[in-house]
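So you can see what is in the structure, the chains are spelled out below.
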Amino acid sequence: YLHFNNNQQQTNNRFFKIQPIIDHFKDRYKATLIPYQNLVIDEHLMLSKDRHSFKRYIPLKRRRFEVKIRILCD
C-alpha cells in the first residue's frame, strides 16, 4: 500500500492521505502553465433528443439531431 501522509494526523479533509501529492501537482501546474497563451475555438456536435430551437438536423449522419457547441480551449 502507498502512504503519502501519516494516518495519526488525520483531519476533516477527505483527501488527507493524498494531500501532499495534490499540493505538489498544483504547484507544478502553476509554475509551468501560462494561461491564455494558445487559445483555440473548438466546435463539437452533441447528441440531443430534447426539443430545442437551436438543434441541428443532419440527414446524412447516423445521429441526425445534434446540438452544435463552441468551446474556448486553452
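Structure's up top.
First, a word on scope: everything that follows refers to the structure included in this document. (Residues numbered from 1 in each chain as written. Predicted model: local features only at pLDDT ≥ 70, side-chain atom pairs only at ≥ 80, totals over all residues. Heavy atoms only, no water.)

## Digging into the pairing of strand E3 (residues 65-73)
As judged from the eight bridges shared by strand E1 (residues 40-47) and E3, these two strands associate in the antiparallel manner. Among the inter-strand pairings, isoleucine 41 is bridged to a residue of E3, identified as leucine 72. (Pairing = 2+ DSSP bridges. Helix = DSSP H or I, 4+ residues; strand = E, 2+ residues; numbered from the N terminus.)

## Concerning the packing of aromatic side chains
Each aromatic ring pair is specified by the distance between its two centres and by the angle formed by the two planes. Enumeration over the complete set of coordinates arrives at one aromatic pair. Geometrically, the ring pair formed by phenylalanine 25 and tyrosine 29 is stacked, given 6.3 Å between the ring centres and 25° between the ring planes. Here tyrosine 29 and phenylalanine 25 lie together in helix H1 (residues 19-32), a separation of four residues that amounts to about one turn. (Phe/Tyr/Trp six-rings, centres within 6.5 Å; stacked < 30°, edge-to-face > 60°.)

Everything listed here is a matter of coordinates, which is why it stays silent on function.
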